[in-house]
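# Notes for the structure review
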Amino acid sequence: MNQVLIQLIYFVIYSVVFLVIGKLSFSESDSLSKFFVGERKNDEKRLFFTFVGTWVSAATILGFTGNVYHSGLSVIASSVIPWFIGAGLLYLMTDRLYENDVLSIPQLIGKKHDSKFLQTASAIFMICGYIFYLMIQIKGFGIAVSSLLNINYKVAVFLVYLFILYSSFGGFNSVTKSDCLNLIMLSVSIGVLYLVIVKNVPGHWFLTDQTVHELIKSKGVFENQTAEIGIFVYISMFFGWGMGLASNPQYMVRILAAKDKKTAKYMILHALIFLCVLYFALTQIGLGLRILFPQLKNYCSADDVFIYAVVNLMNTPFSGFFLISVIGACVSTANSQLHLIGCMLSYDVAAQITKKKMSEEQILILARVFIFIGGTAALILSVNPPEDMLSFGADIWGLFSAALAPLIYGGLYWKRRTKAGAVGAFFTGLICSVLFWKMDLQIYWAFPATLCAAAVYVVIPMFEKKRGAEE
């Protein structure tokens, strides 16, 4: 049977199942609590799938694996380790976060600092960040679908636009159900690919940079060594991926959605165990592809390596299933972010700036309208996507770290917080991010930006207290 036809069948089957899931979820989102956080009654199984599904994005599947292919195991130090430390911070904050009766993280920020302005301003900032991050997911989907159906990239990205809109319209329950489907497919796909790599690189189930170098050299291929990155850059990268993840509403909302604190904590622990296995497999796949196809380094970017190798060089009927699983990974992260865009724009922005109190029904209608607008904006931007998903994603999470981390963690843990300190920290984080981003620093720019914002958050209340004492 023709390969393209097989892949089209995969796509049609996935589309039908996806449509059914979305249709069944619409009736479960008739209130703000249901639409935003699933009434805070979700069990661990559902939350596990949506937490991992939201985590494993195009930046993970394509960006991380492709960067391992190009640069080796050093990529783990600048991405996976910060991610896991960030998840550890989420685990530690679970008790404090869960105690708050809120529907969104901007609402939490506003409530803790007694500021509707901060609620609205932080929501707008998060929305902008998610729209730009959605470009990564749409790019990943576009690469996968253009390879799957042999169509133009720009036509392919329009398809993901329809997918993420549809799954996001159903609210939190729709997102979690589609995440379950997508993660199961991805797990099967990555497991099979890992076994294929092990089979084709006999005698090596555990690959290292040294092993890869020796096996490539034995083929008569000699490579230039990758430039070393300073230890301080690795450490400071935590303030990109790591602290950005720990300050990211898409994960904190899943903590709030749990039926109790214990469920939320188990969700994070079990997710991290699963992710350890997943990243091991992806790392071995990236190194294995380097051994099998060393020539790809000369003409494939990091984001393109994985799909090009599987579809064009390991061409099997399973390639179509793999591409569908990549599509699913992109959709799982995209629909959670688009869902948050709709929730925040309707609840934390529109409902706060209107003089007349809005009903739940009006907010829900607005949420779906804003999902459409946010998805459309991301689609337009994705026509010219970023070159490197991994570094682009790190920069966005770096912005989240600088602007939001002091407000969120200070709001939960520091009793002497003030509204003025929070406002000052928020804008300091934004300004320092712009200033440091283009500077030639020996450390990652988000590190000093976050420190400056945290310092302002602490220092302003001290000055306020001192001034009050003098008066």
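Here goes a summary of the coordinates provided. Computed from a predicted structure; not experimentally measured. (Residues numbered from 1 in each chain as written. Predicted model: local features only at pLDDT ≥ 70, side-chain atom pairs only at ≥ 80, totals over all residues. Heavy atoms only, no water.)

## Comments concerning the overall build of the protein
Along the protein, the regular secondary structure elements total 21 helices and zero strands. Here the C-alpha atoms of the protein give a radius of gyration of 22 Å, agreeing with the 23 Å that 2.2 N^0.38 yields for 471 residues. Overall, the C-alpha framework of the protein stretches about 80 × 50 × 40 Å when taken along its three principal axes. Counting every position in the protein, which comprises 471 residues, the buried fraction comes to 58%. Taking the intrachain contacts of the protein between residues at least 6 apart in sequence as the baseline, contacts between residues at least 24 apart amount to 85%. Split by element, the accessible area of the protein, about 19,300 Å² in all, is 66% carbon and sulfur. For the protein, the separation between the mean place of its 35 positive charges and that of its 27 negative charges on side chains is 5 Å. (Helix = DSSP H or I, 4+ residues; strand = E, 2+ residues; numbered from the N terminus. Rg over C-alpha atoms; globule rule 2.2 N^0.38 Å. Buried < 20%, exposed > 50% of the residue type's maximum accessible area, 1.4 Å probe, protein only. Contact = heavy atoms within 4.5 Å. Areas by Shrake-Rupley, 256 points an atom, 1.4 Å probe, with all protein chains shown as cover. Lys, Arg positive; Asp, Glu negative; His and termini not counted. Charge placed at Lys NZ, Arg CZ, Asp CG, Glu CD.)

## Things to note about the state of the cysteines
Tallying each qualifying case throughout the model produces zero disulfides. This cysteine, Cys180, is not joined by any disulfide, and Cys330 carries the nearest cysteine sulfur, 18 Å off. For Cys180, a relative accessible area of 27% translates into the label partly exposed. The thiol of Cys343 is not disulfide-bonded; the next cysteine sulfur, from Cys128, is found 16 Å away. (Disulfide = S-S within 2.5 Å.)

## Looking at the side chain of Ser325
For Ser325, the location among the structural elements is in helix H17 (residues 318–353). Given a relative accessible area of 0%, Ser325 falls into the buried group. Aside from chain neighbours lying at most four places away, what touches Ser325 is Met185, Leu186 and Ser189.

## Observations regarding the packing of aromatic side chains
Within a pair of aromatic rings, the relevant descriptors are the distance that separates the centres and the angle that separates the planes. Applying the stated criterion across every chain, the model contains 26 aromatic pairs. Between Phe51 and Tyr251, the ring centres sit 5.4 Å apart and the planes meet at 55°, which makes this aromatic pair tilted. With Phe51 in helix H3 (residues 44–55) and Tyr251 in helix H14 (residues 249–256), this pair connects stretches of sequence that are 200 residues apart. Assessed through its relative accessible area of 0%, Phe51 is described here as buried. Residue class for Tyr251 comes out buried when judged on its relative accessible area of 3%. Here the aromatic rings of Phe84 and Tyr279 are separated by 6.1 Å at their centres, their planes lie at 65°, and the arrangement is edge-to-face. Here Phe84 is found in helix H6 (residues 80–98), whereas its partner Tyr279 is found in helix H15 (residues 261–292), with 195 residues between them in sequence. Both residues of the pair, Phe84 and Tyr279, count as buried. Taken together through their ring pairs, the aromatic side chains of Phe117, Phe125, Tyr130, Tyr133, Trp397, Phe400, Phe426 and Phe427 make up a single cluster. Over the ring of Tyr91 we find Lys265; its NZ or CZ atom is 5.4 Å from the centre of that ring. (Phe/Tyr/Trp six-rings, centres within 6.5 Å; stacked < 30°, edge-to-face > 60°. Lys NZ or Arg CZ within 6 Å of the ring centre and 35° of its normal.)

## Overview of the side chain of Ser31
Along the chain, Ser31 falls in the loop between helix H1 (3–25) and helix H2 (32–37). Look at Ser31 and you get buried, because its relative accessible area is 16%. With residues near it in sequence (within four places) discarded, Ser31 still touches Glu360 and Leu364.

## Comments concerning unusual backbone geometry
Phi is positive for Arg40, which is not a glycine, with a value near 55°. For Arg40, a relative accessible area of 18% puts it in the buried group. For Asp114, which is not glycine, the phi dihedral falls at a positive 50°. Here Asp114 lies in the loop between helix H7 (105–112) and helix H8 (116–149).

## A closer look at a nonpolar patch on the surface
On the surface, a nonpolar cluster with roughly 630 Å² of combined accessible area is contributed by Leu5, Leu8, Ile9, Val12, Ile13, Val16, Val17 and Val20. Mapped onto the fold, Ile9 is located in helix H1. Residue classification places Ile9 among the partly exposed positions, given a relative accessible area of 38%. (Patch = residues over 30% accessible without salt bridge, like charges linked within 9 Å, V, L, I, M, F, W, Y side chains within 5 Å. Salt bridge = Lys/Arg side-chain N within 4 Å of Asp/Glu carboxyl O.)

## With respect to the environment of Leu62
Assignment of secondary structure puts Leu62 in helix H4 (residues 58–71). Measuring from C-alpha to C-alpha, the distance between Leu62 and Val326 comes to 8.3 Å, with 264 residues separating the pair along the chain. When near neighbours in sequence (up to four residues on either side) are disregarded, Leu62 contacts Gly140, Ala302, Asp303, Phe306, Ile307, Val326 and Met389.

## With respect to H6
An ideal rise of 1.5 Å per residue puts 27 Å on 19 residues; H6 measures up with 26 Å between its terminal C-alpha atoms. Where H6 bends most, at Leu92, the angle is about 40°. Taken as a whole, H6 has its buried residues at Val80, Pro82, Trp83, Phe84, Gly86, Ala87, Leu90, Met93, Thr94, Leu97 and Tyr98. (Expected span 1.5 Å × (residues − 1). Bend = angle between axes of the 7 residues up to and from the residue.)

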